[in-house]
Amino acid sequence: MRFKLLKVAALSLVVMTSGCSMFERLVYHPDINQGNYLTPAEVAKVQQGMTQQQVQFALGTPMLKDPFGSQTWYYIFREEPGHQEVRQETLTLTFDSNGILTKIDKQGNMPNFSAPATKS
């Protein structure tokens, strides 16, 4: 009787210490999306030489503006699918002191940008 009780206790301990790791794929995990979702069509509208108002009209309000006055805007989109790797895309726009877009930087799988318009 004592051996059966010890056996059940050991089996219970093994099951409890394994936690949910054995059943992780069976447990529902919702997709979590945060930030600015930008479509390729919206991103293609942004070109160097645009004003801050034009950029905000095309892309909406940025997720973060640099609080130290360097005129840098961050459009960040973070996607956490249920059982997959977390994906983050960042679009960084830098403006000069006159509010004109001077630099476009992307990280992640952001769509490609169109070349700046040339004046002839």
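In short, a report on the structure. Starting from 1, residues in each chain are numbered consecutively following that chain's sequence as written. With the structure being a predicted model, the display of local features is reserved for residues of pLDDT at least 70 and the display and counting of side-chain atom pairs for 80 or more, all residues being used for whole-chain, interface and lining totals. No hydrogens and no water enter the side-chain calculation; it runs on all heavy atoms of the structure.

With respect to the overall build of the protein chain
Helix and strand labels come from DSSP, where a helix needs a run of H or I of at least four residues and a strand needs a run of E of at least two; each type is numbered from the N terminus. Scanning the protein chain from terminus to terminus reveals three helices and five strands. Classification of residues uses two cut-offs on accessible area relative to the type maximum, computed with a 1.4 Å probe and protein chains only: under 20% is buried, over 50% is exposed, and between them is partly exposed. Looking at the protein chain as a whole, 21% of its 120 residues qualify as buried. Note on definitions: a residue-residue contact is assigned when non-hydrogen atoms from the two residues lie within 4.5 Å. At a minimum sequence separation of 6, the contacts of the protein chain that also span at least 24 residues come to 46%. Accessibility throughout is a Shrake-Rupley quantity obtained with a 1.4 Å probe, and a residue counts as covered only by protein chains that appear here. Summing over all exposed atoms, the protein chain offers an accessible surface of approximately 9100 Å²; the carbon and sulfur share of this is 58%.

Quick look at unusual backbone geometry
With a phi close to 55 degrees, Gln71 is a non-glycine residue in the positive phi region. Here Gln71 lies in the loop between strand S2 (64-65) and strand S3 (72-80). Judged by relative accessible area, Gln71 falls into the partly exposed class, the value being 31%.

What about the environment of Ser70?
Residue placement: Ser70 occurs in the loop between S2 and S3. The class of Ser70 is partly exposed, set by a relative accessible area of 35%. C-alpha separation for the pair Ser70 and Thr94, spaced 24 residues apart in sequence, amounts to 7.9 Å.

Topic: the pattern of salt bridges
Salt bridge, as used here: a side-chain nitrogen of Lys or Arg that lies within 4 Å of a carboxyl oxygen of Asp or Glu. As enumerated under the stated definition, the model contains three salt bridges in all. Between Glu80 and Arg78 there is a salt bridge, with the nearest N and O atoms lying 4.0 Å from each other. Of the charged contacts in the structure, one is a salt bridge between Arg87 and Glu79, with a shortest N-O distance of 2.4 Å. The class for Arg87 is partly exposed, based on a relative accessible area of 29%. Connected through salt bridges with shared partners, the residues Glu79, Arg87 and Glu89 form a single ionic network.

Some details on the side chain of Asn36
Mapped onto the elements of the fold, Asn36 is located in the loop between strand S1 (32-35) and helix H2 (40-44). Among the residues examined, Asn36 registers a relative accessible area of 16% and is labelled buried. Under this definition, polar contacts are N or O atom pairs within 3.5 Å; protein pairs additionally need one hydrogen-donor-capable and one acceptor-capable atom, and for neighbouring residues in sequence, both atoms have to be side-chain atoms. One polar contact links the side chain of Asn36 to the main-chain amide nitrogen of Met63, over a distance of 3.2 Å. When near neighbours in sequence (up to four residues on either side) are disregarded, Asn36 contacts Thr61, Pro62, Met63, Tyr74, Tyr75, Ile76 and Phe77.

Overview of the nonpolar core
Among buried residues, those of type Ala, Val, Leu, Ile, Met, Phe, Trp, Tyr and Cys that are joined through side-chain atoms within 4.5 Å constitute a nonpolar core. One finds Val55, Leu59, Tyr75 and Leu93 to be the most contacted residues of the largest nonpolar core, which totals 13 residues. Taken together, the elements giving at least two residues each to this core come down to helix H3 (52-59), S3 and strand S4 (87-95). Beyond its immediate sequence surroundings of up to four residues, Val55 is in contact with Met50, Gly60, Trp73, Tyr75, Leu93, Phe95 and Leu101.

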